[in-house]
Amino acid sequence: MARNYLLTYAEQLATDVEVLCQNIKAPSNTLFQIRKSSSSVYANIREANYGQSKADMLSKFEIALKESSETEGWLKLLYNTKVIDEDTYKSHRNLCGRVRRMLISSCKTLKGKLQEG
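Residues numbered from 1 in each chain as written. Predicted model: local features only at pLDDT ≥ 70, side-chain atom pairs only at ≥ 80, totals over all residues. Heavy atoms only, no water.

**What about the nonpolar core?**
Ranked by size, the top nonpolar core spans 15 residues in total, and within it I24, I34, L75, L78 and I84 carry the most contacts. Elements represented by at least two residues in this core include exactly α1 (5-22), α2 (28-48), α3 (54-80) and α4 (86-116). Counting residues per element, this core draws most heavily on α1, at four residues. Aside from chain neighbours lying at most four places away, what touches I34 is V17, C21, T71, W74, L75 and L78. If you look at the next biggest cluster of nonpolar residues, it comprises 13 residues, including I45, L58, F61 and C107. (Core = buried A, V, L, I, M, F, W, Y, C linked by side-chain atoms within 4.5 Å. Buried < 20%, exposed > 50% of the residue type's maximum accessible area, 1.4 Å probe, protein only. Helix = DSSP H or I, 4+ residues; strand = E, 2+ residues; numbered from the N terminus. Contact = heavy atoms within 4.5 Å.)

Put into structure tokens, the structure is as follows:
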């Protein structure tokens, strides 16, 4: 079976964010929101792998795409408020960006397949 890099990177993102949250002091709402959004990326990609149809799979990927954007926003907030340093911010943002780009590509491919019929 081929390795699912999108799922692998999404799992790494959710794991890295969870570990980050365990090791920083930030408002509890911020920690809750970034944990929620990053784990939602992972959960929706996992769920998409068992979608009932291509349209269902696309829907899950689009949700994951929105959640990855939210995760990037929370990371930026943590950086702007000096809760995390620049290296930590960039490494997490880069992984999140990688997942986001893969999701954009996957969504485009699925939309093309849905238009083909």
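**A short note on the environment of Y89**
Of note, Y89 is situated in helix α4. Classification of Y89 by relative accessible area gives buried; the value is 8%. The spatial distance from the C-alpha of Y89 to the C-alpha of Q33 is 16 Å, given a sequence separation of 56 residues. Y89 has contacts with L75, K76, Y79 and I84, leaving out every residue within four places of it along the chain.

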